[in-house]
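# Structural characterization, general
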Amino acid sequence: MAKKPTAPADLDTLSKAKAKVELKRLSLEIERHNNAYYQDDAPKISDADYDALRRRVEAIEAKFPDLVSADSPTQTVGAAPARGFAKVQHAVPMLSLGNAFSDDEVEEFLARVRRFLKLDADEIPAIVAEPKIDGLSLSLRYEHGELVRAATRGDGFVGEDVTANVRTIKDIPNELAVAKPPAACELRGEVYMLKSDFLALNEKQEAAGEAPFANPRNSAAGSLRQKDVAVTASRPLKFFAYAWGEMSDYPMDQPTQSKMLDWLKRAGFTVNPRITPCKNVDEALAFYRKIGEERAQLAYDIDGVVYKVDRLDYQERLGFAGRAPRWAIAHKFAAEQATTVLNGIEIQVGRTGALTPVARLAPVTVGGVVVQNATLHNEDYIKSLDIHIGDTVIVQRAGDVIPQIVSVVIDKRPKHAEAYQFPHKCPVCHSHATREEGEVVWRCSGALICPAQAIERLKHFVSRNAFDIEGLGEKQVQEFYDDGLIMHPVDIFTLQQRDARSRTKIIDREGYGETSVRNLFAAIDARRSIELHRFIYALGIRHIGEGNAKLLARHYGTIAAFRDAMLAAAAGQSAEGNTSEAYQDLNDIGGIGDIVADAVVEFFAEDRNVKAVDELLREIQVRPAEQPKQATPISGKTVVFTGSLTKFTRDEAKAAAERLGAKVAGSVSKKTDYVVAGEDAGSKLTKARDLGVAVLSEDEWLALIEG
Ligand SMILES: NC(=O)c1ccc[n+]([C@@H]2O[C@H](COP(=O)([O-])OP(=O)(O)OC[C@H]3O[C@@H](n4cnc5c(N)ncnc54)[C@H](O)[C@@H]3O)[C@@H](O)[C@H]2O)c1
Ligand SMILES: [Zn+2]
């Protein structure tokens, strides 16, 4: 059965056991995105998609409160400091903020505050409304007025030491400009970059051949978190102060947020000029709306408004819950949208052959950024919006680089506009494209010949379980590819011949000498004879991993038999399905299902793939598969190896078992016949004992198979 993309289960019917599994999965996924975002400054998904993952966690935890664990994303902040930075322990943790997405949620927040403080009906606590700067937070430790340490937020408790970098930021004073500074204080705020500076920086980056940053936030974070301080110094970073951590003593009586902001200003910091005190929720919401309208014209990115309870004694009483203070909340802006015209749709082919539709738009400014391209995800997405070329569409940009089209303004559709037909051909190599059952993606079938996929294929071709040519790894393949020396797998085997005739020789390349060139050619020659399963695996057919390649090799025995059978199966393809004997035979191989069978047949249905295979076969010899000996003591048995083996390597053990007709599995189940346990075998051994599976030592195993 094909795997359907799983929609999250309905909360009402979600069982606790399922909830637990989903929470675990979501935590891991969120953690991965946290690392990409906070450690690498290079998010892999949009903030909106990321926030949706978090909201799902919140919803599940609200239903099953006892499933909330200490390391849940709802309880933790950011990501651990990245390697390469010294760690700094914050005296007072740096937390995140709770979110509100609607007016109701803001009112609910203020109601909660009043309930918590048990305020009289007529007492409404004053609020400070601050623009939520989209940068990264920074903690500055001053001792007796001198800047001694600067740290990023990290995981809230331990941040990264960026003291030297911070000393290059003009907005940050090295010395506090007040007469009696506290003995020790941590002053905090946001490092950010002006939109104009960000655009200029990206232009420079691109001119220098460096990767551009996704947005001002990432470029601020990436510029601050540099091991080379000179790089930070060259970047136009700015800083707004708005908070503090440790304060050995307060510089005023009855301190409040507003008074502290004034003091920060006097101490030499820039405080955001739009920060506004509010007497009640209406004033707060009015501020939110006003700044929302001005947002595109602001010189820096903001992603919402932060409301803070002004009185510090209240703040202290309110304290914290989980990863956020109870006395503040972030009122986020909805993702930014704009209307424009869809001029066309272009198909991009990814490195693994996926066809991705990209909308070409009449340029439009969305939240201060000019947008001309937007993703349309896949065929189904285009159909679900019923997109016609020439349509007026709404694009959305959610703090992320790749804007998307969220809807069509049907009223504005031109009279003769035609519905978009998703192509069934690869626009790069013109091979037919396929879409597997249950999948949304169309893929180019020209695995071996598509230029868009060439480099990935070559890397796969030379990988460890494929041709595994010494001295020709990913790096070298990339270099030879870049110079046009190896464009297709077969080029590897004609390299020496061409080199002999060429005026620019490999020996003249950087990093090569007489010996290494000789060794390279020798290593290539050594692989002119290769096992069938390695050859099949090397072709890079979708779903054909090492295991399936072995199944095919064992079944067909020789490359000729395999090739003939696949061509016969490909010839049997028709709109009604494939009823050819060859296809049936393929499908009947134990362990090979429809999807895998179809993938192999699609590959051979593309003539040019077959041609590429044949070209290869003229250069190399494929050895017949070793047929499993009949009736060995382990034929048909399932074996699991665990622990550290001393008599043979894991690969050797596996190969020997398979040669004798056994199946090697990765985990122990009731179907396991033998577990071969080396030293320090752990949970697999325990499980084997629990299930009553026969456990063998390495010697017992050898006795069995050699016996
Ligand atoms: N796309 C991704 O993969 C990805 C991954 C992780 C996080 N994110 C995004 O990062 C955000 C979550 O990050 P977070 O946990 O830091 O929360 P947050 O950014 O929503 O809120 C907390 C932060 O707001 C900042 N801030 C700005 N102005 C402030 C002010 N005036 N007062 C107080 N704080 C102010 C501070 O840096 C503080 O740390 C979300 O927008 C999320 O979408 C995205
Ligand atoms: Zn292609």
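Residues numbered from 1 in each chain as written. Chains lettered and ligands numbered in written order. Predicted model: local features only at pLDDT ≥ 70, side-chain atom pairs only at ≥ 80, totals over all residues.

## Focus: the overall build of the protein chain
Along its length, the protein chain carries 24 helices and 28 strands. With 707 residues in all, the protein chain has 33% of them scored as buried. (Helix = DSSP H or I, 4+ residues; strand = E, 2+ residues; numbered from the N terminus. Buried ≥ 20, exposed ≤ 12 C-beta atoms within 10 Å, placed from the backbone.)

## Digging into the packing of helix H3 (residues 103-117) against helix H9 (residues 281-294)
Their axes nearest at 11 Å, the elements H3 and H9 cross at an angle of 140°. With respect to H9, the axis of H3 lies oblique. Relative to H9, the crossing made by H3 is right-handed. Here Asp103, Val106, Glu107 and Leu110 of H3 lie close against H9, whose contacting residues are Val281, Ala284 and Leu285. Looking at side-chain class alone, the contact of H3 with H9 contains five nonpolar, no polar and two charged residues. (Axes fitted to C-alpha atoms, helices over the stretch in contact; angles between N-to-C directions. Parallel < 35°, antiparallel > 145°, perpendicular 65-115°, else oblique. Left-handed = near helix turned anticlockwise from the far one by under 90°. Contact = placed C-beta atoms within 7 Å. Nonpolar A, V, L, I, M, F, W, Y, C, P; charged D, E, K, R; others polar.)

## Details of the environment of glycine 636
Topologically, glycine 636 is positioned in the loop between strand S24 (621-623) and strand S25 (638-642). Overall, glycine 636 belongs to the exposed group, with 11 C-beta atoms counted inside 10 Å.

## Quick look at the confidence of the model for the protein chain
Note: predicted coordinates in regions of low pLDDT should not be interpreted at a detailed level. Mean pLDDT for the protein chain: 90, with 97% of residues reaching 70 or above. Note on residues 1-6: pLDDT is under 50 here. Beyond four places in sequence and across chains, it has six contacts. Two numbers describe this predicted complex: its pTM, 0.57, and its ipTM, 0.95. (pLDDT = per-residue confidence, 0-100.)

## A word on the sheet that holds strand S7 (residues 184-192)
Taken together, the four strands give an open sheet; going across it, the order is S5-S4-S7-S8, and neighbouring strands pair in antiparallel fashion. With partners counted over all chains shown, the strands left at the sheet margins are strand S5 (146-152) and strand S8 (238-247), one partner each. When the angles between neighbouring strand axes are averaged without regard to direction, this sheet yields 30°. Pairing between strand S4 (residues 136-143) and S5: six bridges, direction antiparallel. (Pairing = 2+ DSSP bridges.)

## Details of the UniProt feature "binding site: Zn(2+)" (unreviewed entry) in the protein chain
The UniProt entry lists Cys426, Cys429 and Cys450 under the feature "binding site: Zn(2+)" (unreviewed entry), expressed in the numbering used here. In three dimensions, the annotated residues from a span of 25 residues occupy one location, with a maximal C-alpha spread of 8.5 Å. Relative to the elements of secondary structure, cysteine 426 occurs in the loop between strand S18 (404-408) and strand S19 (433-434). Setting aside chain neighbours within four positions, we find cysteine 426 in contact with Val349, Leu355, Ser431, Ala433, Cys444, Gly446 and Cys450. Using a count of 21 C-beta atoms within 10 Å as the deciding quantity, one classes cysteine 429 as buried. Sequence-distant contacts of cysteine 429, defined by excluding residues within four places in its chain, comprise Cys444, Gly446, Ile449, Cys450 and Pro451. (UniProt positions renumbered as here; feature names shortened; annotations may be inferred.)

## Some points on the nonpolar core
With 57 residues, the main nonpolar core has Cys450, Ile536, Met566, Val600 and Val601 as its most contacted residues. In terms of residue count, helix H20 (residues 594-605) provides more of this core than any other element does, seven residues in total. Leave out the neighbours within four places in its chain, and cysteine 450 touches Val349, Gly353, Cys426, Val428, Cys429, Ser431 and Cys444. Ranked by size, the runner-up nonpolar core spans 38 residues in total, among them Val191, Phe198, Leu237 and Ala241. (Core = buried A, V, L, I, M, F, W, Y, C linked by C-beta atoms within 7 Å.)

## Some thoughts on the site of ligand 1
The environment of ligand 1 is formed by 23 residues, the closest being Tyr37, Pro43, Asp47, Ser96 and Ser137. Put simply, the parts of the chain that give the shell around ligand 1 at least two residues each are helix H1 (16-39), helix H2 (47-63), strand S3 (127-133) and S8. Among the elements that take part in the shell around ligand 1, H1 stands out by supplying four residues, more than any other. The residue makeup of the shell around ligand 1, split by class, is twelve nonpolar, five polar and six charged. Per-domain counts for the shell around ligand 1 show at least three residues from each of domain 1 (11-76) and domain 2 (99-332). (Near = placed C-beta within 6 Å. Domains from an automatic or database assignment.)

## A look at the sheet that holds strand S26 (residues 663-665)
Sheet strands associate in pairs through backbone hydrogen bonding, adopting either a parallel or an antiparallel arrangement. The parallel open sheet is built from four strands, whose spatial order is S26-S25-S27-S28. One side of each edge strand has no neighbouring strand; the edge strands of this open sheet are S26 and strand S28 (694-696). Across the sheet, the axes of successive neighbouring strands diverge by a mean angle of 30°, strand direction being ignored. Sheet analysis places strand S27 (residues 674-677) next to S28, joined by three bridges and oriented parallel. Opposite tyrosine 674, over in S28, you have alanine 694 as the bridge partner. Along the sheet, helix H23 (residues 683-691) contacts S25, S27 and S28; its crossing angle with S27, the most-contacted strand, is approximately 145°.

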